[in-house]
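Given next are the chains, with one letter for each unit.
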Amino acid sequence: MKFEGQLALVTGASRGIGAATALALAKEGAHVVITARNADGLEKIEEQIHQAGGHATIAPLDLTDGDSIGRLATAIAGRWEGLDILVLNAAMLGSLGPVPGIDGQEFNKILTLNLIAQQALIAGFDPMLRKSEDARLLAITSSVGRKPRAFWGAYGASKAALETLVSSYGEEMRNLGKIRTAIVDPGRTRTDMRAHAYPGEDPATVKQPSVVADRLVEILASDFATGERFEIS
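Reading the values: rules and limits
Here, residues in each chain are numbered from 1, in the same order as that chain's written sequence. Local features in a predicted model are, by the rule used here, given only for residues with pLDDT of at least 70; side-chain atom pairs are given and counted only at 80 or more, and totals for whole chains, interfaces and linings are based on all residues. Side-chain metrics in this entry use all non-hydrogen atoms of the structure; hydrogen atoms and water are not considered. Per the convention used, a helix needs a DSSP run of H or I reaching at least four residues, while a strand needs a run of E reaching at least two, with both numbered from the N terminus. It is over C-alpha atoms that the radius of gyration is taken, and the globule rule equals 2.2 Å times the number of residues to the power 0.38. For every residue, the accessible area (1.4 Å probe, protein chains only) is compared with the maximum for its type, and the residue is labelled buried under 20%, exposed over 50%, or partly exposed between those bounds. Contacts are assigned to residue pairs with any non-hydrogen atoms lying within 4.5 Å of each other. For accessible areas, the Shrake-Rupley method is used with a probe of radius 1.4 Å. Any residue's cover is judged against the shown protein chains and nothing else. In this count, Lys and Arg are taken as positive residues and Asp and Glu as negative ones, while His and the chain termini are left out. Note that the charge is assigned to NZ on lysines, CZ on arginines, CG on aspartates and CD on glutamates. To estimate the expected span of a helix, subtract one from its residue number and multiply by 1.5 Å. The bend at a residue is defined as the angle formed between two axes, one fitted to the seven residues ending at that residue and one fitted to the seven starting there. Nitrogen and oxygen atoms within 3.5 Å of one another constitute a polar contact, given that in protein one can donate a hydrogen and the other can accept it, and given that sequence-neighbouring residues count only through two side-chain atoms. Whether two strands pair comes down to DSSP finding at least two bridges between them. Fitting a line to C-alpha atoms yields each axis, with helices limited to the stretch in contact; the angle taken between N-to-C directions then spans 0 to 180 degrees.

Draft legend 1. A look at the overall build of the chain. Along the backbone of the chain there are 7 helices and 7 strands. Tracing the chain from N to C terminus, the helices and strands come up as β-α-β-α-β-α-β-α-β-α-β-α-α-β. Relative to its length of 233 residues, the chain is compact, with a C-alpha radius of gyration of 17 Å against a globular reference of 17 Å. Taking the principal axes of the C-alpha coordinates as reference, the chain spans close to 50 × 40 × 35 Å. Within the chain, the proportion of its 233 residues that are buried is 50%. For the chain, long-range pairs separated by at least 24 residues make up 70% of all intrachain contacts whose partners lie at least 6 apart in sequence. Surface accessibility of the chain: about 11,100 Å² in total, with carbon and sulfur atoms responsible for 51%. Across the chain, the centroid of the 24 positively charged side chains sits 4 Å from that of the 28 negatively charged ones.

Draft legend 2. Region of interest: helix 1 (residues 16-27). Compared with the 16 Å implied by 1.5 Å per residue over 12 residues, the 17 Å span of helix 1 between its first and last C-alpha is a close match. By the criterion of burial, helix 1 is predominantly enclosed, with 9 of the 12 residues buried. Regarding helix 1, the residues found buried are Ile17, Gly18, Ala19, Ala20, Thr21, Ala22, Ala24, Leu25 and Ala26. Summarising the contacts, the buried residues of helix 1 are in contact with strand 1 (7-11), strand 2 (31-36), helix 2 (39-51), strand 3 (55-60), strand 4 (85-88) and helix 7 (209-221).

Draft legend 3. Region of interest: helix 4 (residues 104-130). Its 27 residues give helix 4 an end-to-end C-alpha distance of 37 Å, which sits within 8% of 39 Å, the value for a rise of 1.5 Å per residue. A maximum bend of about 40 degrees is found in helix 4 at Thr112. Burial in helix 4 covers these residues: Ile110, Thr112, Leu113, Asn114, Ala117, Gln118, Leu121, Ile122, Phe125, Asp126, Met128 and Leu129. Its buried side turned inward, helix 4 meets strand 1, helix 3 (68-77), strand 4, strand 5 (135-140), helix 5 (153-173) and strand 6 (179-185). The distance from a side-chain oxygen at the start of helix 4 to the backbone nitrogen of Gln105 is 3.2 Å, and the residue carrying that oxygen is Asp103.

Draft legend 4. Layout of the sheet that holds strand 4. Spatially, 7 strands are ordered 3-2-1-4-5-6-7 in an open sheet, and the strand pairing comes out parallel. Pairing within the sheet leaves two strands with one partner each, and these edge strands are strand 3 and strand 7 (228-231). Along the sheet, successive strands turn relative to each other by an average axial angle of 20 degrees, direction set aside. Judged from the 6 bridges that link them, strand 5 and strand 6 form a sheet pairing that is parallel. Bridged to Ala135 within strand 6 is Ile179. Contacts from helix 1 reach strand 1, strand 2, strand 3 and strand 4, with the element oriented near 170 degrees to strand 1.

If you want it as C-alpha cells, here you go:
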C-alpha cells in the first residue's frame, strides 16, 4: 500500500472531498486523523474506514476557535512523532455577491477559516512535518483564486491568499527540510458547497468527490516538486 505506516491529517473530512480523501488514504494504509465540526459525520466516515480495514482517529473541532488547533497539534504530537501528509481542505463559501456589498462580519468568518486557520494549522503541525522523512502538504483551492469571477470576490480572495501562503511556506522549506507543498484545484465536483453555489445545476453532470480523492492519492504518492499546482478535470 502506498502509505503504509504513515500518518495523515485531513480537515473538513466529514463530507465531500475531505471525506473521500480520508477514505482513499486509509485504503492505501495511512492512519488518518479526520477533523470537522460535524462529529456525527466524522463518526460515519470513521466507521466506513474501519469497515474497510483501515485506521482512523476522529477529532471534532471548530478550526475558527483560536485555541482548538493548538490543542489538536499537542494531542497528536503526544501520540505520534511525525506527520507525513497534511491536506488543508476545510473551507466556507459564504454569500455570493458584489464586492461593495460584502458583509464585513461574514467576510471575517470566511478569512478566519479559509486563511487564518490554515496558517495556524501549518504553524501547529510544522514541527511534526519536519520530523517526517517525506512530508507532503496539499492545499485545496478554487479556480476563482487565480481567475477572478464576478460576485465571487470574498471566497476568491481567501483562496488567492491561501495559495500565496502555502506556496511561500513551500519555498521556505525547499532547502530547510523534507517538506513539499502543492496547490490542488479540484474543479467541478459534486459537493454541498457547489450545490449551494449552483442550485440549478444537475449534480449528475459533475464528478464525484471520489474522483478527486483518487487523484489526490496519486499526487501524494508521486515525486511532485514543491510549489506545483494541479488542476483536476
